[in-house]
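In case you want the letters, here they are:
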Amino acid sequence: MKLTFYTKKDCPLCEGGLAVLEMLREDYPFTVKEMDIYEDDALLEKYQIRIPVIEDDKGKVLEEGNISYLTLKQKLNDLFTT
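Residues numbered from 1 in each chain as written. Predicted model: local features only at pLDDT ≥ 70, side-chain atom pairs only at ≥ 80, totals over all residues. Heavy atoms only, no water.

Some details on the overall build of the protein
Along the protein, the regular secondary structure elements total three helices and four strands. Reading the helices (α) and strands (β) of the protein from amino to carboxyl end gives β-α-β-α-β-β-α. Relative to its length of 82 residues, the protein is compact, with a C-alpha radius of gyration of 12 Å against a globular reference of 12 Å. Across its three principal directions, the C-alpha atoms of the protein cover 35 × 25 × 15 Å. Within the protein, the proportion of its 82 residues that are buried is 35%. Counting contacts in the protein only where the partners sit at least 6 residues apart, residues at least 24 apart contribute 61% of the total. Working note: accessible area of the protein is about 5100 Å², and carbon and sulfur atoms make up 48% of it. Each charge class in the protein can be summarised by its mean position, and for the 11 positive and 17 negative side chains these summaries are 4 Å apart. (Helix = DSSP H or I, 4+ residues; strand = E, 2+ residues; numbered from the N terminus. Rg over C-alpha atoms; globule rule 2.2 N^0.38 Å. Buried < 20%, exposed > 50% of the residue type's maximum accessible area, 1.4 Å probe, protein only. Contact = heavy atoms within 4.5 Å. Areas by Shrake-Rupley, 256 points an atom, 1.4 Å probe, with all protein chains shown as cover. Lys, Arg positive; Asp, Glu negative; His and termini not counted. Charge placed at Lys NZ, Arg CZ, Asp CG, Glu CD.)

A look at the state of the cysteines
In the structure shown here, the tally under the stated rule is one disulfide. The disulfide that involves Cys 11 links it to Cys 14, with 2.4 Å between the sulfurs. Of note, the bridge from Cys 11 to Cys 14 carries an S-S torsion of about 70 degrees and is right-handed in sense. Like Cys 11, the residue Cys 14 is buried in the burial classification. (Disulfide = S-S within 2.5 Å.)

Section: the sheet that holds strand E4 (residues 61–64)
As summarised here, the arrangement of the four strands in space is E2-E1-E3-E4, forming an open sheet in which the pairing is mixed. Since the sheet does not close on itself, it has two edges, and those belong to strand E2 (31–36) and E4, each with one partner. In this sheet, neighbouring strand axes are inclined to one another by 20 degrees on average, regardless of whether the strands run parallel or antiparallel. Two elements, strand E3 (residues 53–55) and E4, share three bridges in a ladder whose sense is antiparallel. Residue Glu 55 lies in a different strand from E4, and its bridge partner there is Val 61. (Pairing = 2+ DSSP bridges. Axes fitted to C-alpha atoms, helices over the stretch in contact; angles between N-to-C directions.)

Concerning the packing of helix H1 (residues 12–24) against helix H3 (residues 69–81)
Between H1 and H3, whose axes approach to 10 Å, the crossing angle comes to 45 degrees. Relative to H3, the element H1 is oriented oblique. Handedness of the H1/H3 crossing: right-handed. In this structure, H1 uses Val 20, Leu 21, Met 23 and Leu 24 to contact H3, whose residues at the interface are Tyr 69, Leu 72, Lys 73 and Leu 76. Its residues placed into classes, the contact of H1 with H3 shows seven nonpolar, no polar and one charged. (Parallel < 35°, antiparallel > 145°, perpendicular 65-115°, else oblique. Left-handed = near helix turned anticlockwise from the far one by under 90°. Nonpolar A, V, L, I, M, F, W, Y, C, P; charged D, E, K, R; others polar.)

Shown next, in the form of structure tokens:
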């Protein structure tokens, strides 16, 4: 599974969210595609006050803002067990 991580430079919440994703990669087989919202006007408009945002490979938002390890772990567990 590929997760998309919407981010921007110099974003402390984004750095924390990426750290959470790295921890969860130990338990779940997924890759992360980082997308800087400042490289695409449509992404900037859609996500500017919501980042970081993590979407699954179907475009469903799993987490945004202050990324919670426990919440994201539960959502990934649901994805990988269904």
